[in-house]
Amino acid sequence: MIKIIINGKQIKVQPDTTILDAARRNDIYIPTICDDPRLEPYGGCRLCLVQIKGMPRLVSACTTPVTEGMEVETTNDQIERQRRTIVELLLSDHPNDCMVCEKAGDCTLQELAYFYDLRANRFYGERRQYTKKDLNPFIQRDMEKCILCGKCVRVCEEVQGVGAIDISSRGFTAKVTPPFEKDLDCEFCGQCVSLCPTGALMGKEALGRGRQKDVRKVETICPYCGCGCNLTLHVNRDEVVSVSSRPDTVNEGWLCVKGRFGYNFIKSPDRLKTPLIKKDGVFVEASWDEAFQYVADRLIAIKEKNGPDAIAGLSSARCTNEENYLFQKFIRAGIGTNNVDHCARY
Amino acid sequence: MAGLATVFGSGAMTNSIAEIEKTDVMFVIGSNTKENHPIVALRMIKAKKKGAKLIIADPRRVPLVRFADIWMQHRPGTDVMLLNAMMHVIMKEGLVDKDFIASMTEGYDEAFKKNLEDFTPEAAEKVTGVPKDTIIKAARMYVEADKAGIYYTMGITQHSHGTDNVFSVANLALMTGNLGKEGGGVNPLRGQNNVQGATDMGCIPNNYPGYQGVSLPAMKEKFEELWKAKLSDKVGMTAPDMLAAAEKGALKAMYIMGENPVVSDPDMTHTIKALKALDLLVVQDIFMTETAALAHVVLPASSFAEKSGTFTNTERRVQRVRAATNLPGQAMEDSRIIMELSKRMNYPMPYQSSEEVFQEIGRAWPAMAGMSYSRLDASGLQWPCPTREHPGTPHLFSGGFPRGKGRFTTVKYLPSLEQVDKEFPFLLTTGRLLFQYHTGGMTRRVKPIDAVSHESYIEINPEDAGMLSLKDGTPVKVTSRRGSITVKTKISKRPKKGVVFIPFHFHEAAANMLTSGTGLDPVAKIPSFKVSTVRIEKA
């Protein structure tokens, strides 16, 4: 363990820790835009600048490893002045349309502007103007809102192993783009959307379906493959409007295209809404009472005539443990046969 | 799972997803992980970045191959040949884990070793199409790792000799001592959110919940006591048996909850005929599936977003499912439907909540006895978790196997039942796509997904396509001994010459019109979805 001092407080940390990690573990706040603990340190946004005793210039906390006896100051007038200027510069080329922006209320840049009380901006000049190329059905890309933190580029390469996008060009014209500035054509996992600190990347399915403050969050598990990814369903007016995932779970907050964007079947107009009984080859709507009684009467008659082994149940690998338990209990104890299986047991 | 249960005494992924990061070598066989278990694949990519090696055996150039150190493109159905040849190399070069074999296993005898003698890399090259040097390199890479994990899915199991394939995988891990430790193991990745749970809960014809055999008198007594009912000790029918019995008229009624066997089972024509022969077919689902359309009664059920309970993922982790939205119309929670039916069948099951059911599961199966909804709240627990203090079990067998010792099984190579011939010159293999899920009931109703993955296709090697003068998008008629479908051509270097692939999600061009419902694996009764023979003509 290494001993360091942050803001006068002595703390012990593992070697090979960055200052930012050490601070996070000890509940000391350092603002950052480009850092995510699941990605390699990047040092792009410069917001995490801190002062180290004996060093002439400020250093970025996310890329500087701790050393024995290091004395760090995470906030003072000079640091805050620099941070404020960085945010001001970012805002100087940002469409300040928070009132209609989908990300409002959940936007890191907005939070920082609020924190530094940035009403007017000292910097005026040319603005980036980009035509949207947005025919893909999953992700809306508004590059005028991009602050070039590089998270989307890094997660796509480092975590997803796809590399569908990169930063092209330099300086003022630098921009995140798929090859040859074409439309996005990738696995559409949406990892980039989940990390984007501004409204530059948004899931299209969620657009216009409610602000974060109106959303109720429900923790549950993905209904698709067997990975068991944790989903946070964002619910507004009884509809799942978007899906996110916590980083402290088995899937580390990452999802695939189905988990992240495959939720609109829930309120599909095709959902079955009433019991149906087939009469003369045609389904006729029935009450639950009728349907239950019909099934029970038929099952009892078959059981009496042909024995319980003439009845079988197929359960579902999509239903819960409790439902599966009840299902086989019903078949075994209620009907009296072990004819119960499910299709995916192999 | 039947295979693994025989070898170890329990059938599940032995290790955890998070442990993949800590492994030295990953051997992925018969699994298109990047498309079908995307999040597991991310761990594999992470492990690669940390320095682990990746070996892949797959007849198709699956997306994960991009990250592989070694890729073996074996012919579909030749897994036993390939695995036995790897073991042959390990045995011949004296690289077996003698201590582990002596203390933890049984069956590593002369017969087992003698059987391996014939599986030289040269012989395997002829059958599998994998160069012998590659087999030797892969065997060495796997055995030389301190910790090596094997990961497989339906590419191993969905064969007429699927259980043999599983035995071979297990043999390889046993021989090299890669069980009972972090980062190793034999890891079947489960394909549906709660397959593990459905099996754990006893929705299999031979076991009560928790793999407790229905034909064992002590188990029968235990459950008769718990459920206050007389139970049958006769092992029930498997799903394929049910369909066969229905067709013959021996089975009269079926109650199907949340499954669509018409599209997901092999030989669609046969499945439809069997279901139509029933006196009573009850289907409980959220959509009018192809199976529900054949039913006498359809019961509108709940989606995952409308109910509470638990799912058990591929690594045995039981996690909480929570209701988020209201049920549409008169649709009902599945558990309530079952309870209402049961009540009318004079066997009331009056549970007040899913939690009450969960508590009973804990009484039925010691491996989940230590779990409760409140303990599952944060991030779930992995069974076995026998007591309230138990932290759950990330990897199995660190203290030995449930059946005592891990068992070696002598496995001979059996060619797949269908072999290519003049009439049916192509090997067809089937599977899933990244964008779709199973029979498409859910994913095909999600607009953006439908926009990028709208229809079925046949993946065919450029050489074969050239020979048949097919271009991308040319409609072709694909015919097997069971039937024909028409799909569009997709020219791709993923399959090698002579092998084609069709996804099974699309009912209107159903891959399972072509697959065979006979020639099931004799133990697990799994159909051979991965090997059929077909011919291809311009439509």
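All of these numbers come straight from a predicted model, not from anything done at the bench.

### Examining the pairing of strand S18 (residues 475-479) of chain B
Residues and elements named next belong to chain B.
- Of the strand pairs in this sheet, S18 and strand S19 (residues 484-491) are connected by 5 bridges, and their pairing is antiparallel. When the sheet's bridge partners are listed, lysine 477 is paired in S19 with threonine 486.
- As consecutive antiparallel partners, S18 and S19 are separated by 4 residues.
- Across 4 bridges, the pairing between S18 and strand S21 (residues 532-538) is antiparallel. Among the inter-strand pairings, threonine 479 is bridged to a residue of S21, identified as arginine 535.

### A look at the interface of chain B and chain A
- Across the boundary between the two partners, chain B contributes 152 residues, which contact 111 residues of chain A.
- Summed over both partners, the interface of chain B with chain A comes to about 11,200 Å²; 64% of that surface belongs to carbon and sulfur atoms.
- Our count for the chain B to chain A interface comes out at 9 salt bridges.
- Residue Arg271(A) pairs with Glu306(B) through a salt bridge whose shortest N-O separation is 2.9 Å.

### A few points about the domain arrangement of chain A
- Each assigned domain of chain A is listed with its residue range as follows: domain 1 (2-75), domain 2 (209-271) and domain 3 (276-342).
- The C-alpha centroid of domain 2 of chain A is placed 34 Å from the C-alpha centroid of domain 1 of chain A.

### Details of the sheet that holds strand S16 (residues 426-431) of chain B
- Within the closed barrel, the 6 strands sit side by side as S16-S20-S17-S19-S18-S21 (chain B). Their pairing is mixed. Between one strand axis and the next, the sheet turns by 45° as a mean value, whatever way the strands run.

### Thoughts on empty space enclosed by the protein
- Evaluation of the coordinates by the stated rule reveals 10 cavities of 30 Å³ or more.
- What the largest cavity holds in volume is close to 420 Å³.
- Considering the residues around the largest cavity, the lining is formed by 31 residues, among which Arg318(A), Gly258(B), Asp285(B), Ile286(B) and Met442(B) are closest to the centre.
- Residues belonging to the lining of the largest cavity are distributed by class as follows: 11 nonpolar, 15 polar and 5 charged.
- Taken as a whole, the second largest cavity encloses approximately 120 Å³ of empty space.
- Contributing to the lining of the second largest cavity are 16 residues, with Cys156(A), Ala164(A), Cys186(A), Cys189(A) and Cys192(A) lying nearest its centre.
- Ranked by the residues each element gives to the lining of the second largest cavity, the list is headed by helix H4 (residues 151-159) of chain A, at 3 residues.
- Residues of the lining of the second largest cavity, tallied by class, amount to 12 nonpolar, 3 polar and 1 charged.

### Quick notes on the packing of aromatic side chains
- Taken as a whole and judged by the stated rule, the model has 24 aromatic pairs over all chains.
- Residues Phe327(A) and Tyr255(B) carry aromatic rings whose centres are separated by 4.9 Å and whose planes lie at 45° to one another, so their mutual orientation is tilted. Taken together, the residues Phe327(A) in helix H8 (residues 321-335) and Tyr255(B) in strand S9 (residues 253-257) connect one chain to another.
- Note on Phe327(A): relative accessible area 0%, which makes it buried.
- Every member of this aromatic cluster is reached through a ring pair, and the members are Phe138(A), Phe188(A), Phe261(A) and Phe435(B).
- Seen from the ring of Phe287(B), Arg445(B) lies directly overhead, with NZ or CZ sitting 3.9 Å from the centre.

### Considering the sheet that holds strand S10 (residues 280-285) of chain B
- Across the sheet, which stays open at both edges, the 7 strands sit in the order S14(A)-S13(A)-S11(B)-S10(B)-S9(B)-S15(A)-S16(A) with mixed pairing between neighbours. Both edges of this open sheet fall to strand S14 (282-285) and strand S16 (340-342) of chain A, since each of them pairs with a single strand only. Averaged over all adjacent pairs, the angle separating strand axes in this sheet is 20°, with direction ignored.
- Both strand S13 (residues 276-279) of chain A and strand S11 (residues 297-300) of chain B contribute to a ladder of 2 bridges, which runs antiparallel. What sits directly across from Leu276(A), in S11(B), is Val298(B).

Cut-offs used in this document
- Every residue gets a number counted from 1 within its own chain, in the order that chain's sequence is written.
- Lettering for chains starts from A, numbering for ligands starts from 1, and both go in the order in which the items are written.
- Local features in a predicted model are, by the rule used here, given only for residues with pLDDT of at least 70; side-chain atom pairs are given and counted only at 80 or more, and totals for whole chains, interfaces and linings are based on all residues.
- Working from all heavy atoms in the structure, the side-chain values ignore hydrogens and water.
- Pairing between strands requires that DSSP locate at least two bridges from one strand to the other.
- Every helix listed is a DSSP run of H or I at least four residues long, and every strand listed is a run of E at least two residues long, numbered separately from the N terminus.
- By the convention used here, residues are in contact when the closest approach between their heavy atoms is within 4.5 Å.
- What gets called buried area is simply the loss in accessible area from a 1.4 Å probe that two parts show on being joined, summed for both.
- By salt bridge we mean one thing: a side-chain nitrogen of Lys or Arg within 4 Å of a carboxyl oxygen of Asp or Glu.
- Each domain span listed reflects an automatic or database assignment of domains.
- Fitted lines through C-alpha atoms give the axes, limited to the stretch in contact for helices. The angle between two N-to-C directions lies from 0 to 180 degrees.
- Space inside and on the surface of the protein is sampled on a 1 Å grid over the protein atoms alone, with a cavity defined as a set of points where a 1.4 Å probe fits but cannot get out and a pocket as an open set with protein on both sides within 12 Å along at least 5 of 7 lines; lining residues have an atom within 4 Å of a point.
- Grid points are joined across faces, edges and corners, and a volume is the space filled by probe spheres set on the points.
- Only Asp, Glu, Lys and Arg are considered charged, only Ala, Val, Leu, Ile, Met, Phe, Trp, Tyr, Cys and Pro nonpolar, and every remaining residue, Gly among them, polar.
- In summary, the pairing rule links any two rings of Phe, Tyr or Trp, Trp by its six-membered ring, whose centres are within 6.5 Å, and it sorts them by plane angle into stacked for under 30 degrees, edge-to-face for over 60 and tilted for everything else.
- When a residue's accessible area, from a 1.4 Å probe over protein chains only, is under 20% of the maximum for its type it is buried; when over 50% it is exposed; and in between it is partly exposed.
- Geometrically, a charge over a ring is one whose NZ (Lys) or CZ (Arg) sits within 6 Å of the ring centre while staying within 35 degrees of the ring normal.

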